[in-house]
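Spelled out from the first residue to the last, the chains are:
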Amino acid sequence: MTQSQQVIEELYDSYTKTAANIIAYYDGNERNNKLKELRDIVENNCIQNKKLKSTEIIKKRLLTLYNDDVDDNIENNIESIMNEYKQAITEIDKNVANDNNLKEFDKQVEALLDKVVQKENNADEELQLTGGYINIIDPISKKRIVDPVKNTICGHTYDRESITQLLKLNKKTRCPVIGCKSIEFVTLKHLRIDILTKTYLEKNPE
């Protein structure tokens, strides 16, 4: 994982932590308004990231396109590149509805809100969510998770120390959760802090 990728992941993790704090300390319309403001910020950040990636692609494409031209045309080439670059920038699709970071943020917020509903309804200690549960037992050590990380490929959560040690023993390790359909090997770059599980563990100590 590059340093820039790590910074981006930490940024989105901070967004989820902020959402967790909003849900914990606000309620009703005030909570909804705060979450709406935060989501707008997250969405705008996704748009900016998409624009940055797109501009880099456009720049490389244009430089490659004009790179083989003779030096006599360099002045005209620069002007053509700048014009095409500006035009391409205006045509960048700003729709981020399918952005993975935005979808993950929405998923985490939805689960955090479900948690509040379950708590208000005196739910069981293992928090039931739409389509599943918050699992606080590490599938590797079979012990309570201490530092939860989520596999962004399949969505399963492990204890950071357990999965790290497992990958040291065997780099070609698939998700250790029984029944997981993912056939991809687990890698450290696909592991992100699981804010939802972490928040639950902090609020429900042993």
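Residues numbered from 1 in each chain as written. Predicted model: local features only at pLDDT ≥ 70, side-chain atom pairs only at ≥ 80, totals over all residues. Heavy atoms only, no water.

As annotated in an unreviewed UniProt entry, the protein chain is E3 SUMO-protein ligase NSE2 from Apis mellifera. Turning to the protein chain, the UniProt record has this under Subcellular location (unreviewed entry): "Nucleus". We quote the UniProt Pathway (unreviewed entry) comment for the protein chain here in full: "Protein modification; protein sumoylation." (UniProt positions renumbered as here; feature names shortened; annotations may be inferred.)

Within the protein chain, the secondary structure is distributed over six helices and five strands. Order of helices (α) and strands (β) in the protein chain, N terminus to C terminus: α-α-α-α-β-β-β-β-α-β-α. Relative to its full complement of 206 residues, the protein chain shows a buried share of 33%. Long-range pairs, those at least 24 residues apart, make up 57% of the contacts in the protein chain between residues at least 6 apart in sequence. Accessible surface, the protein chain: about 13,900 Å² in total, of which carbon and sulfur atoms supply 49%. (Helix = DSSP H or I, 4+ residues; strand = E, 2+ residues; numbered from the N terminus. Buried < 20%, exposed > 50% of the residue type's maximum accessible area, 1.4 Å probe, protein only. Contact = heavy atoms within 4.5 Å. Areas by Shrake-Rupley, 256 points an atom, 1.4 Å probe, with all protein chains shown as cover.)

Next up on the list: the state of the cysteines. Evaluated as defined, the whole model comprises zero disulfides. Cysteine C175 remains unbridged, with the sulfur of C180 as its closest cysteine sulfur at 3.6 Å. The exposure class assigned to C175 is buried, which follows from its relative accessible area of 11%. (Disulfide = S-S within 2.5 Å.)

By size, the foremost hydrophobic cluster in this structure holds 23 residues, and its most contacted members are L38, V42 and F105. For this core, the secondary structure elements donating two or more residues are α1 (3–25), α2 (28–67), α4 (100–120) and α6 (195–203). Each of two domains, domain 1 (1–125) and domain 2 (134–205), supplies a minimum of three residues to this core. Setting aside chain neighbours within four positions, we find L38 in contact with Y15, T18, A19, I22 and F105. (Core = buried A, V, L, I, M, F, W, Y, C linked by side-chain atoms within 4.5 Å. Domains from an automatic or database assignment.)

Take the pattern of salt bridges next. Counted by the stated rule, this structure contains six salt bridges. For D106, the salt bridge goes to R39, with nearest N and O atoms at 2.9 Å. Of this pair, D106 sits in helix α4 while R39 is found in helix α2, placing the two residues 67 residues apart along the sequence. Overall, the relative accessible area of 27% leaves R39 in the partly exposed class. Note that K150 and E104 form a salt bridge whose closest N and O atoms lie 3.5 Å from each other. Placement of the pair is K150 in strand β3 (residues 148–151) and E104 in helix α4, with a sequence separation of 46 residues. For E104, a relative accessible area of 24% translates into the label partly exposed. When salt bridges that share partners are traced, they join R39, E43 and D106 into one network. (Salt bridge = Lys/Arg side-chain N within 4 Å of Asp/Glu carboxyl O.)

It is worth spelling out the sheet that holds strand β4 (residues 157–159) at this point. Reading across the sheet, the three strands line up as β4-β3-β5 and stay open at both edges, with antiparallel pairing between neighbours. Strands at the two margins of the open sheet, each flanked by one partner only, are β4 and β5 (191–193). Averaged over neighbouring strand pairs, the angle between their axes works out to 40° when direction is ignored. Note that β3 and β5 share three bridges and pair antiparallel. Within β5, the residue paired with V149 across the bridge is I193. (Pairing = 2+ DSSP bridges. Axes fitted to C-alpha atoms, helices over the stretch in contact; angles between N-to-C directions.)

Glancing now at the pairing of β3. The side-chain alternation of β3 yields two buried faces, one formed by P148 and K150 and the other by V149 and N151. Strand direction decides the pairing type here: β3 and β4, joined by three bridges, are antiparallel. Counted as the bridge partner of K150 is T157 from β4. The turn joining β3 and β4, which pair antiparallel and follow one another in sequence, is formed by five residues; a positive phi near 90° is taken by G155.

Quick look at the side chain of N45 now. Of note, N45 is situated in helix α2. Overall, N45 belongs to the buried group, its relative accessible area being 16%. Once you skip the residues sitting within four places of it in the chain, N45 turns out to touch L11, Y12 and Y15.

Time to look at unusual backbone geometry. Its identity as a non-glycine residue notwithstanding, K142 has a phi of 65°, on the positive side. Tracing the chain through its elements places K142 in the loop between β2 (132–133) and β3. On the accessibility criterion, K142 (57% relative accessible area) is exposed.

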